[in-house]
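One letter stands for each residue in the lines below.
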Amino acid sequence: MHNKSEALFHTWIDAIATVLIEDGMDEELVKYRGENAAIAIQGSFILFQGLNDLALFMGVIQNLPK
């Protein structure tokens, strides 16, 4: 790992993948799904901060697969 934020993102994606595996998702898909979830959450958080609209962030969180 090159820096703390890189390690943090790898840990976060791995944690999402672990939950998806435990829920029965195909192991070939979990990294892709974990990365997409992180992208959606981070992107919506940036928009929330820039536009001061919590609904954008909450909409993404609510629409993530259960």
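Owing to the predicted nature of the structure, the values given are computational and were not obtained by experimental measurement.

Before going further, it helps to spend a moment on the pattern of salt bridges. Going through the model one piece at a time under the given rule, you end up with one salt bridge. In this structure, the salt-bridge partner of Glu35 is Lys31, at a minimum N-O distance of 3.4 Å. Of this pair, Glu35 and Lys31 both sit in helix 2 (residues 30–51), four residues apart, roughly one helical turn. Glu35 sits in the partly exposed class, given a relative accessible area of 29%.

Glancing now at helix 2. The end-to-end C-alpha distance of helix 2, which contains 22 residues, comes to 31 Å, matching closely the 32 Å that a straight helix rising 1.5 Å per residue would cover. Those residues of helix 2 not exposed but buried are Val30, Gly34, Ala37, Ala38, Ile41 and Ser44. Buried residues of helix 2, seen end-on, are gathered within an arc of 140° and therefore sit on one face of the element. Relative to its buried face, helix 2 has exposed residues pointing more than 90 degrees away, namely Lys31, Tyr32, Ile39, Ile46, Gly50 and Leu51. Elements in contact with the buried residues of helix 2: helix 1 (4–22) and helix 3 (54–63). Asn52, located one to two residues past helix 2, shows a positive phi value of around 55°.

By size, the foremost hydrophobic cluster in this structure holds five residues: Ile16, Ala17, Leu20, Val30 and Ala37. Secondary-structure elements contributing two or more residues to this core are helix 1 and helix 2. A total of three residues in this core trace back to one element, the largest contributor, which is helix 1.

Conventions used here
- Residues numbered from 1 in each chain as written.
- Predicted model: local features only at pLDDT ≥ 70, side-chain atom pairs only at ≥ 80, totals over all residues.
- Heavy atoms only, no water.
- Salt bridge = Lys/Arg side-chain N within 4 Å of Asp/Glu carboxyl O.
- Helix = DSSP H or I, 4+ residues; strand = E, 2+ residues; numbered from the N terminus.
- Buried < 20%, exposed > 50% of the residue type's maximum accessible area, 1.4 Å probe, protein only.
- Expected span 1.5 Å × (residues − 1).
- Arc of directions from axis to C-beta.
- Contact = heavy atoms within 4.5 Å.
- Core = buried A, V, L, I, M, F, W, Y, C linked by side-chain atoms within 4.5 Å.

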